[in-house]
Number of protein chains: 2
Amino acid sequence: MLPHECSINTATLGHKEPLKIVIDRVARHGFGGIAPWRRDLDGCDLSVVAKQIKDSGLEVSGLCRSEYIPSISEEHAKRAFEQNIRAIDQACVLGSACYILVVGGLPTGSKDLFAARSAVIDGIERLLEYSKSVGMPLAIEPLHPMYAADRSCVTTVGEALDICAILDPDGKKETLGVALDVYHIWWDWQLHANIEKAGKEDRILAFHICDWRVPTRDFLTDRGMMGEGVIDLETIRREIKKAGYLGLAEIEIFSEELWKEDPEVILQKCANQIKIAF
Amino acid sequence: MLPHECSINTATLGHKEPLKIVIDRVARHGFGGIAPWRRDLDGCDLSVVAKQIKDSGLEVSGLCRSEYIPSISEEHAKRAFEQNIRAIDQACVLGSACYILVVGGLPTGSKDLFAARSAVIDGIERLLEYSKSVGMPLAIEPLHPMYAADRSCVTTVGEALDICAILDPDGKKETLGVALDVYHIWWDWQLHANIEKAGKEDRILAFHICDWRVPTRDFLTDRGMMGEGVIDLETIRREIKKAGYLGLAEIEIFSEELWKEDPEVILQKCANQIKIAF
């Protein structure tokens, strides 16, 4: 795979520089897109950012990420909803392919994953009403089950597709779909069937890549560079492509080890590794 | 829940003392059973151990655990098979309720989870031929997906039940079934449906308990004491009981923090926590 087929999620560079500089770097290395986090946009003139990205020839593969939906109080839920609405507006200005929903896990004090899942369905339903009206696709990103308690009670592609079918039965990815991150989904015995299903239902909005290291030494910040781990990236990519996804592969690597490097070195490594790994 | 409804997996005490002493301690604290690891049996006269356990009024809720099945070479696979056969014999002498299969993940150098799963099915098929002949039930224990690479490519109850159906379609738990460990399965959106299914198919051979801490700080040795985490133990236990499992709840806690304590303190904590958590 070549850099122009990939986008760089800004977390891969560790959020150490202003977005303006990051956009320049990513474009100079020949990548096809960028995926900023909302924090990168703080204090920026959004239309200026959007213009810089466009003028650099970059696409926006996604805007990361939603506020968590299950909440300890109605007040908290209301604030999260408003922040998500504001972020959907930002995604529109940036011309993002989608707004990434990391739905949240158990609210503090709760052990009821089913209540959390129910809150997620209700919460996405409300967001969807707005996102449809402004034409911004929502991408539910199932996270690895090791994050079920604190980051996402939605843990498999199958579950995410079920939510799509419930909330948007006649829809397609123009409205509601899934973000497929290999790190979160590679272990799933039903993965290949569900990628196929996601394709048939036209729900694949994003494809995120990195690798799973053995051993993995940290729950959050020890992701591997593509090819450094055990994920069968080539097969998963082929299946996702066959399922009709023709967009960018977004490189999203949370890694304390990688973040020690200079951003130029990180981008060079990304460019090299995608050639080797795919 | 009361101690006599539970068994103690010897790993909970950190394997610091000879099995003979551990059996005594577990019985004195009023627990209903014990689940030794094969390493505990090294150098022991197995019939003496079996007699001591029986005389102490303890059941054996399981023998931990199988050698991994997917292998880098035929020679390695053969050795693992022979060790598993020997362990099945040991489980028989101990009168264990089952032999616990932790099936293994990817052999070194492989990225092919599907090949690993296929090797697992073939390997269990071979073991089953023997285990049936000696009357020792095999319990497939799906592990948490965070262990898919290095410990178990079987990660969900659904997958384990599918393997049972393939290899032993007319069977029941007397031959092949599943070990349900809350730590590994609590996050699964299909958990409740699959517990029900496991009950209908009469496949539940073991029920292991501990808790999931938030945050979890280590991939292997930061399990929580029942009630210390976010697992809805009460609901899961109720459903497993409703599904027809009437055996012991085996307390299996890998915890560096807990292992610092004296075994007497650990057992006291276990006895207290099950009263609080259930």
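Below: a short report on this structure. These numbers were taken from a predicted model, which means no experiment stands behind them.

Things to note about the packing of helix H1 (residues 19–28) of chain B against helix H11 (residues 263–277) of chain B
Residues and elements named next belong to chain B. In the contact formed by H1 and H11, the axes pass within 10 Å of each other and the chain directions differ by 35°. In terms of crossing hand, the pair formed by H1 and H11 is right-handed. Packed against H1, whose contacting residues are Arg25, Val26 and Arg28, the element H11 presents Pro263, Glu264 and Leu267 at the interface. Residues that form the contact of H1 with H11 fall into these classes: 3 nonpolar, no polar and 3 charged.

Quick look at the environment of A:Ala148
With respect to the helices and strands, A:Ala148 occurs in the loop between strand E5 (138–140) and helix H6 (157–167). For A:Ala148, a relative accessible area of 0% puts it in the buried group. Each C-alpha atom, one on A:Ala148 and one on A:Cys210, is 20 Å from the other, the two residues being 62 residues apart in sequence. Apart from residues lying up to four places away in sequence, A:Ala148 is in contact with A:Gly105, A:Leu106, A:Leu113, A:Cys153, A:Thr155, B:Trp186 and B:Trp187.

Comments concerning the pairing of strand E7 (residues 204–209) of chain A
Residues and elements named next belong to chain A. Burial analysis of E7 places 6 of its 6 residues in the buried class, which makes it a mostly covered element. In this sheet, E7 lies alongside strand E6 (residues 176–181) in parallel orientation, the contact comprising 4 bridges. Within E7, the position partnered with valine 178 by the bridge is isoleucine 204. Once you follow E7 into helix H9 (residues 233–242) and on to strand E8 (residues 249–251), the crossover reads as right-handed.

Quick word on the pattern of salt bridges
All names here are of chain B. Taken as a whole and judged by the stated rule, the model has 48 salt bridges over all chains. With a shortest N-O distance of 3.2 Å, glutamate 5 and arginine 237 are connected by a salt bridge. In this pair, glutamate 5 sits in the segment before strand E1 (6–9) while arginine 237 sits in helix H9 (residues 233–242), placing the two residues 232 residues apart along the sequence. Judged by relative accessible area, which is 26%, glutamate 5 ranks as partly exposed.

What to know about the packing of helix H5 (residues 113–134) of chain A against H6(A)
Residues and elements named next belong to chain A. Where H5 contacts H6, the two axes come as close as 11 Å, and the packing angle between them is 50°. When the interaxial angle is binned, H5 and H6 end up oblique. Like other packed secondary-structure pairs, H5 and H6 cross with a definite hand, here right-handed. Contact residues: Arg117, Val120, Ile121, Ile124, Glu125 and Leu128 in H5; Glu159, Ile163, Ile166 and Leu167 in H6.

Conventions we followed
- Residues numbered from 1 in each chain as written.
- Chains lettered and ligands numbered in written order.
- Predicted model: local features only at pLDDT ≥ 70, side-chain atom pairs only at ≥ 80, totals over all residues.
- Heavy atoms only, no water.
- Axes fitted to C-alpha atoms, helices over the stretch in contact; angles between N-to-C directions.
- Helix = DSSP H or I, 4+ residues; strand = E, 2+ residues; numbered from the N terminus.
- Left-handed = near helix turned anticlockwise from the far one by under 90°.
- Contact = heavy atoms within 4.5 Å.
- Nonpolar A, V, L, I, M, F, W, Y, C, P; charged D, E, K, R; others polar.
- Buried < 20%, exposed > 50% of the residue type's maximum accessible area, 1.4 Å probe, protein only.
- Pairing = 2+ DSSP bridges.
- Right-handed = clockwise from strand over helix to strand, strands pointing away.
- Salt bridge = Lys/Arg side-chain N within 4 Å of Asp/Glu carboxyl O.
- Parallel < 35°, antiparallel > 145°, perpendicular 65-115°, else oblique.

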